[in-house]
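In case you want the letters, here they are:
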Amino acid sequence: MKQRLLVAAVGVPLLIVVLVLLPPIATAILTAAIAGAAAWELLHTACRQPKLLYVPTILCAALVVLAIAFGTAITATLIYAFFYVMFLFYMAVSTHGKETAIPFADVAVCVVAGFLFPAMYSCIFLLRMDENYGKLYVLAPFCVAFVGDALSMYFGIWFGKRKMAPHVSPHKTWAGGFGGPIGSALAMLLLGLIAQKWLGYAPDYARLALVGAVANVFGQLGDLSMSLIKREAGIKDYSHLFLTHGGMLDRFDSTMFIAPVVYFFVAGGI
């Protein structure tokens, strides 16, 4: 418990400082680091032969985030991505039939870790880049995830009887599944209220609540999806990066699925 409180006491303020108080480039670097760490964890968990794939996949994940963030590196990243995929298939073909064979499943995992997850995480930076309210929007995915998870847990404790996906996440209940969107909607309303008081923001509160509720549903799918991978691998946590809190994909799994949903609504003009 002490370790969990210590990580939260240090991590949450540090996260706010990087996302809100420092220049946007700090958010880009943080997001690239998150994507790189998530890539390592996914390969470590789901690949049969990850050793030769770690470095190119982590590099690809970071470059994808930075390319989306700054735009000017897109062509170079696409060139790297092409050769990276060619490298994956070459390794799969050249090692086939050997003890160190890289199956196609590993190739698929690398594509997810090197491209898909970073693209989803990059929406955090894109939210930060809003000209008027980037410092507000960049906090939204984390508020949706953290508050939604908290209320989901309490709803599960108070009312939970029926399990949502017992073979994937034994502690998740349908009651908790309903509590999550409520908590996320309340979090977005509170975020809007703070922004109205301090930034002169004029939010559509009904739309904010809708964003929170809808994004939480996708976040729960993300949480269950990452849990599914762990169950198949027979592990409890992806890593111990955050001590007893687990790894990057344990703490920022739902955030990865939430950020694109929030960005979609922001791009549409919340």
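Okay, so let's go over this structure. The residue numbering used here restarts from 1 in each chain and proceeds along that chain's sequence as written. Where local features are concerned, this predicted model is filtered to residues with pLDDT of at least 70; where side-chain atom pairs are given and counted, the filter is 80 or more; whole-chain, interface and lining totals use all residues. Note: side-chain values were computed over all heavy atoms of the structure, leaving out hydrogens and water.

## Focus on helix α3 (residues 54-70)
- Runs of E in the DSSP output that reach at least two residues are strands. Runs of H or I that reach at least four are helices, and both are numbered from the N terminus. Here the expected length of a helix is defined as 1.5 Å per residue gap, with one fewer gap than residues. With 17 residues, α3 extends 24 Å from end C-alpha to end C-alpha; this agrees with the ideal 24 Å at 1.5 Å per step.
- Along α3, the positions that sit buried rather than exposed are Tyr 54, Pro 56, Thr 57, Cys 60, Ala 61, Ala 62, Val 64, Val 65, Ala 67 and Ala 69.
- Gly 71 sits one or two positions beyond α3 and adopts a positive phi of about 75°. In this scheme, a residue with accessible area under 20% of its type's maximum is buried, one over 50% is exposed, and one in between is partly exposed, where area comes from a 1.4 Å probe on protein chains only.

## Details of the side chain of Thr 173
- Counting through the fold element by element, Thr 173 comes out in strand β2 (residues 169-173).
- Here, two residues are considered to be in contact whenever any of their heavy atoms come within 4.5 Å of each other. In this view, Thr 173 contacts Gly 156, Gly 160, Lys 161, Arg 162, Lys 163 and Met 164; residues no more than four positions away in its chain are not counted.

## Comments concerning the packing of helix α8 (residues 174-199) against helix α9 (residues 205-233)
- Axis definition: a line fitted to C-alpha atoms, limited for helices to the stretch in contact. Angles are taken between N-to-C directions and run from 0 to 180 degrees. One way to put it is that α8 packs onto α9 with a least axis distance of 7 Å and a crossing angle of 140°. Our classification of the angle between α8 and α9 gives oblique. Our pair here, α8 against α9, has a crossing hand that is right-handed. Each of Gly 177, Gly 180, Pro 181, Ser 184, Ala 185, Met 188, Leu 189, Gly 192, Leu 193 and Gln 196 in α8 lies in contact with α9, whose residues at this interface are Tyr 205, Leu 208, Ala 209, Val 211, Gly 212, Ala 213, Asn 216, Val 217 and Gln 220.
- When grouped by side-chain class, the residues that make up the contact of α8 with α9 number 11 nonpolar, 8 polar and no charged. What sets the label is the angle itself: under 35 degrees gives roughly parallel, over 145 gives roughly antiparallel, 65 to 115 gives roughly perpendicular, and the rest give oblique. Helix crossings fall into two classes, left-handed where the near helix is turned counterclockwise from the far one by less than a right angle and right-handed where it is turned clockwise. Put simply, Ala, Val, Leu, Ile, Met, Phe, Trp, Tyr, Cys and Pro go in the nonpolar bin, Asp, Glu, Lys and Arg in the charged bin, and everything else, Gly too, in the polar bin.

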